[in-house]
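The chain contents come next:
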Amino acid sequence: DAKTTQPNSMESNEEEPVHLPCNHSTISGTDYIHWYRQLPSQGPEYVIHGLTSNVNNRMASLAIAEDRKSSTLILHRATLRDAAVYYCPGASGTYKYIFGTGTRLKVLA
Amino acid sequence: DAGVIQSPRHEVTEMGQEVTLRCKPISGHDYLFWYRQTMMRGLELLIYFNNNVPIDDSGMPEDRFSAKMPNASFSTLKIQPSEPRDSAVYFCASSFPRRGVISYNEQFFGPGTRLTVL
C-alpha cells in the first residue's frame, strides 16, 4: 500500500497563498496523485489530480516533484471558505484510497 | 444528479442494538465504497464493491460489521450488535473510473451518517 504523510495542521491569513505539502515516498509509477478536501460537516470532495506534470484548475494548482515523491497543493488566495481538512490519499491499486487524517487548514481573517 | 444519498443522517442507538446504514450511489457508477471517520483514525476504507460484488473487505473491523449491495442503486452497512466504539461518521462514496492505459478513479462522497452508540 502506498501511504502518504501530511502535516496535521496549517494556518494561513486570508487572501494569502497557501502551500499544502504531501510526501508520497512509496508511490508507484502508475498511481495518480490526487487531493480531496472536507469542509465542516460534509463528505470529502475532489480538488485536483495529476500524474507527472503540474496541473491547474479553478480550485487550486498542483505542483508535483520531478521524482513524484512529493506534491504541493497551492491555493493562490485563501478565503475563509477554504478552511477545511485537505487529504492527499495514498493508493492501494487503482480503486482503493488510503486517506488518513489529512491537514487541517485554518484561515485567519 | 442528486449525488450520493445516505440515510439516516443521524442515528442514536443503544449498545447491543442492530444498526443499518443505507446508501444510494450516483446512477451509472459501478464502484461503491464505505468509509468510517473518527478523530483518532481519520477516514478509513471499510469495504468496496464493483458491479455489486464485494472486492475488498479487509477494512471491516470485525464480524459484527457486514455490507451488502443487492443492486446497482442500493447498498447497506449493518452493525450487529453495535458497541460504543462504533460511534463515528460513516461515509458512502461511488465512482465510475476512467479506464485507460492508466486508470483514474475520482470518488464522489455522500453527506455521511453520524452514528452514536450509547
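Note on numbering: residues in each chain are counted from 1, in written sequence order. The order in which chains are written sets their letters, starting at A; the order in which ligands are written sets their numbers, starting at 1. At least 70 in pLDDT is required for a residue's local features to be given in this predicted model, at least 80 for side-chain atom pairs to be given and counted, and no such filter applies to totals for whole chains, interfaces and linings, which use all residues. The side-chain quantities take in all heavy atoms of the structure and omit both hydrogens and water.

Colleague: Would you explain the packing of aromatic side chains in this entry?
Modeller: When we look at a pair of aromatic rings, we describe it by the centre distance and by the angle of the planes. In this analysis, rings of Phe, Tyr and Trp, with Trp reduced to its six-membered ring, are considered paired at centre separations within 6.5 Å, and the interplanar angle assigns stacked below 30 degrees, edge-to-face beyond 60, and tilted for intermediate values. In total, this model carries 15 aromatic pairs over all chains according to the counting rule given. Geometrically, the ring pair formed by B:Phe91 and B:Phe109 is edge-to-face, given 6.4 Å between the ring centres and 80° between the ring planes. With B:Phe91 in strand S9 (residues 88–95) and B:Phe109 in strand S10 (residues 108–109), this pair connects stretches of sequence that are 18 residues apart. Think of it in three bands: with a 1.4 Å probe and only protein chains considered, a residue is buried below 20% of the maximum accessible area for its type, exposed above 50%, and partly exposed in between. Using a relative accessible area of 2% as the deciding quantity, one classes B:Phe91 as buried. The buried category is assigned to B:Phe109, whose relative accessible area is 12%. Following the ring pairs from residue to residue traces out a cluster consisting of A:Tyr36, A:Tyr46, A:Tyr87, A:Tyr95, A:Tyr97, A:Phe99, B:Tyr31, B:Phe33, B:Tyr35, B:Tyr48, B:Phe91 and B:Phe109. Secondary structure follows DSSP: runs of H or I at least 4 residues long count as helices, runs of E at least 2 residues long count as strands, and numbering of each begins at the N terminus.

Colleague: Explanation requested: the state of the cysteines in the structure shown.
Modeller: In protein structure, a disulfide is the covalent linkage between the sulfur atoms of two cysteines. In this description, a disulfide is simply a cysteine sulfur pair whose atoms lie within 2.5 Å. Per the stated rule, a full pass over the model turns up two disulfides over all chains. A:Cys22 shares a disulfide with A:Cys88; S-S distance 1.8 Å. In this structure the cystine formed by A:Cys22 and A:Cys88 twists about its S-S bond by roughly 80°; its chirality is therefore right-handed. Taken together, the residues span a long stretch of sequence, with A:Cys22 in strand S2 (residues 18–23) and A:Cys88 in the loop between strand S8 (84–87) and strand S9 (90–91) at a distance of 66 residues. Of the two residues, A:Cys22 and A:Cys88, neither departs from the other in class, the shared state being buried. Sulfur-sulfur distance for the disulfide between B:Cys23 and B:Cys92 comes to 1.9 Å. Across the disulfide from B:Cys23 to B:Cys92, rotation about the S-S bond amounts to roughly -65°, and the bridge is consequently left-handed.

Colleague: Would you explain the sheet that holds strand S7 (residues 70–75) of chain A in this entry?
Modeller: Whether parallel or antiparallel, the strands of a sheet pair through hydrogen bonds between backbone atoms. Residues and elements named next belong to chain A. Two strands make a pair as long as DSSP finds a minimum of two bridges between them. Spatial ordering of the open sheet is given by S2-S7-S6-S5, a layout of four strands whose pairing is antiparallel. Across the chains shown, the open sheet's two edge strands, defined by having one partner strand only, are S2 and strand S5 (55–56). In this structure, S5 lies alongside strand S6 (residues 61–64), joined through two bridges in antiparallel fashion. Along S6, the bridge assignment pairs asparagine 56 with serine 61.

Colleague: What am I meant to see in the pattern of salt bridges here?
Modeller: For side chains of opposite charge, pairing can occur when their charged atoms come near one another. Counted as salt bridges are all cases of a side-chain nitrogen of Lys or Arg within 4 Å of a carboxyl oxygen of Asp or Glu. Counted under the stated rule, the structure contains twelve salt bridges over all chains. With its nearest N and O atoms 3.2 Å apart, the salt bridge here joins A:Arg37 to A:Asp82. In this pair, A:Arg37 is assigned in strand S3 (residues 33–38) and A:Asp82 in the loop between S7 and S8, connecting sequence segments 45 residues apart. Each member of the pair, A:Arg37 as well as A:Asp82, carries the same accessibility label: buried. When the shortest N-O distance is used, the salt bridge between B:Lys78 and B:Glu18 registers 3.8 Å. On the criterion of sequence distance, the pair formed by B:Lys78 in strand S8 (residues 74–79) and B:Glu18 in the loop between strand S2 (10–13) and strand S3 (19–24) is long-range, its members being 60 residues apart. B:Glu18 gets classed as partly exposed once you look at its relative accessible area, which sits at 45%. Overlapping salt bridges bring together B:Glu62, B:Arg64, B:Glu83, B:Arg85 and B:Asp86 as one network.

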